[in-house]
Amino acid sequence: MAKINGNFQKLPGSYLFTETARRASAYAAAHPDKKLIKLGIGDVTQPLVPSVIKALHEAVDEMGHKSTFKGYGPDFGYDFLIDAIVKNDYEARGVKIGKDEVFISDGAKSDCANISDIFDIDNTVAVCDPVYPVYVDTNAMAGRAGDFGNDGRWTNLVYMPCTEENCFTPSIPSKVPDIIYLCFPNNPTGAVATKEQLKAWVDYANRNGSVILFDSAYEAYISDPSIPHSIYEIDGAAECAIEFRSYSKTAGFTGTRCSYTVVPKALMRGGVSLNWLWGRRQSTRFNGTAYIIQKAAAAIYTEQGKKETRAVIDYYMNNARIIREGLSKVGLQVFGGINAPYIWVKTPGGMGSWDFFDRLLDKANVVTTPGAGFGPSGEGYIRLTAFGDAESAAEAVERIVRNL
Ligand SMILES: *Cc1c(COP(=O)(O)O)cnc(C)c1O
């Protein structure tokens, strides 16, 4: 008799976005005359830019001719894309990354999840609280998280609260973790980490032999020139950190699927190269991202592609500004939205996250995401996203303000 992975049964039910979607559709069904504005989704809404569409068409045509047809690609991605990454995402910021340190993939979500494969079960994992649920649930599935307690925390995970007091950047925990997930600019709080803050983490990881898993899916949204885009801008990071990047939010690739992960050759644990481990893992379990898609991703790095993607990011960040300014004007405490497409709003009068969510849904017909869904320290907050269109952002703010 086959035995299932019992760790899955420990996962708490009702995933956050399933529940918010359920409440939103129940409301919509009961009030068909009301128009809901969705500021809850973490998905982009603007179409792919013309340079990307052109590259896609050209690559499709290549696939239709014997002389330019492509079958399986190189395990870790085509050189034309890896070269563009090394040059534009790293060299341009003064960081040296080797071509054989970049692994092209089909999503930062899958890579953040799959990285678990190269680590022993017996590792202590630290996560921010609130947190992108993928880091937590994948460690739970692997059996590394222990049991889910009544307090909303897994017994074996180290939670690093990110609160107003520490400006939503975690303090170094008292119990030394082996694996530390960091995500900056942050989803859900919109917070960023300074060079000094990241330096403290890198030094800590190197001192203790920990590994930092750095998710910089939102680096393109950084507007403050002093904020690092990559953890490798910090001295010593190549000895302790893996970085995840994605074209999903950078260039609207959520439905197109392309990302990459950097594992430096200098990163060794127990005498073994993590670059080798990840390469071995990927070449066994993954057969690469489609040629057509890698061509599309490379188009983002052309002069025209950069200009076009920048315009889309600016568009979203203008929404962020509308939301941030509109809500702070009426006295709500608002965080993020400057270097990230997320606005983290404190509920008024100490109201619970889900209560405020319901109130905004019922009264303002605006769908948000309750902060409590991202972890216990998210209680008392809601997350709004800037990924809608400008008219909806302005109207949503007006409705929220009218119905506080
Ligand atoms: C959206 C997002 C990603 C990107 O995931 P993809 O699988 O590349 O679409 C990664 N990390 C965080 C925190 C995100 O919010």
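Preceding block: the structure.
Computed from a predicted model, the values in this text were never measured in an experiment.

Rules used in this analysis
Residues numbered from 1 in each chain as written. Predicted model: local features only at pLDDT ≥ 70, side-chain atom pairs only at ≥ 80, totals over all residues. Heavy atoms only, no water. Helix = DSSP H or I, 4+ residues; strand = E, 2+ residues; numbered from the N terminus. Rg over C-alpha atoms; globule rule 2.2 N^0.38 Å. Buried < 20%, exposed > 50% of the residue type's maximum accessible area, 1.4 Å probe, protein only. Areas by Shrake-Rupley, 256 points an atom, 1.4 Å probe, with all protein chains shown as cover. Phe/Tyr/Trp six-rings, centres within 6.5 Å; stacked < 30°, edge-to-face > 60°. Contact = heavy atoms within 4.5 Å. Polar contact = N/O pair within 3.5 Å; in protein donor to acceptor, adjacent residues only side chain to side chain. Core = buried A, V, L, I, M, F, W, Y, C linked by side-chain atoms within 4.5 Å. Domains from an automatic or database assignment. Near = heavy atom within 4 Å. Nonpolar A, V, L, I, M, F, W, Y, C, P; charged D, E, K, R; others polar. Pairing = 2+ DSSP bridges.

Asker: Would you take a moment to explain the overall build of the protein chain for this structure?
Answerer: Along the backbone of the protein chain there are 12 helices and 15 strands. The C-alpha atoms of the protein chain give a radius of gyration of 21 Å, which matches the 22 Å a tight globule of 404 residues would have. Buried residues in the protein chain amount to 54% of all 404 residues. Only carbon and sulfur atoms are counted for the fraction: they give 53% of the accessible area of the protein chain, which is about 17,400 Å².

Asker: How should I be thinking about the packing of aromatic side chains in this particular structure?
Answerer: Two aromatic rings are characterised by how far apart their centres lie and by the angle between their planes. This structure, assessed with the given rule, holds 26 aromatic pairs. Centroid distance Tyr132 to Tyr135: 5.3 Å. Interplanar angle 70°. Geometry classified as edge-to-face. Accessibility expressed as a relative area gives 21% for Tyr132, which makes it partly exposed. Seen from their ring centres, Tyr315 and Tyr316 are 6.2 Å apart, and the 65° between their planes marks the pair as edge-to-face.

Asker: Can you walk me through the environment of Thr261 in this structure?
Answerer: Position of Thr261 among the secondary structure elements: in strand β8 (residues 259–262). As a C-alpha pair, Thr261 and Ile104 span 157 residues in sequence and 6.6 Å in three-dimensional space. If we ignore the near neighbours within four places in the chain, the residues touching Thr261 are Glu101, Val102, Phe103, Asp111, Ile242, Glu243, Phe244 and Trp278. Within polar-contact distance, the side chain of Thr261 engages the side chain of Asp111 at 2.6 Å.

Asker: Looking at this structure, I do not really get the nonpolar core. What am I missing?
Answerer: Judged by nonpolar contacts, the single largest core of 86 residues is most densely connected at Leu182, Ile212, Tyr247 and Phe253. Counting residues per element, this core draws most heavily on helix α10 (residues 303–329), at seven residues. Shared between two domains, this core holds at least three residues of each, these being domain 1 (7–47 + 304–402) and domain 2 (53–302). If sequence neighbours within four positions are ignored, Ile212 has contacts with Ile180, Leu182, Trp201, Val202, Ala205, Ile231, Cys240, Ala241 and Ile242. Within the second largest apolar cluster, 27 residues are counted, among which are Ile118, Cys183, Ile242 and Val263.

Asker: Explain the site of the ligand to me, please; I cannot follow it from the model alone.
Answerer: Neighbouring the ligand are 14 residues, the closest being Asp215, Tyr218, Ser246, Ser248 and Lys249. Between the ligand and Lys249, the relevant distance is 3.3 Å, taken from an oxygen atom to a side-chain nitrogen or oxygen of the residue. Protein contact buries 93% of the 390 Å² of open area that the ligand shows by itself. Looking at the shell around the ligand, the elements with two or more residues in it are α4 (108–114) and α7 (247–251). Partitioned by chemical class, the residues of the shell around the ligand number six nonpolar, four polar and four charged.

Asker: Can you help me understand the pairing of β8 in this one?
Answerer: A regular strand places its side chains on the two faces of the sheet in alternate fashion. Burial along β8 is two-sided: Ser259 and Thr261 and Tyr260 and Val262, pointing in opposite directions, are all buried. Here strand β2 (residues 102–105) runs beside β8; their pairing, made up of four bridges, is antiparallel. For Phe103, the partnering residue across the bridge sits in β8 and is Thr261.

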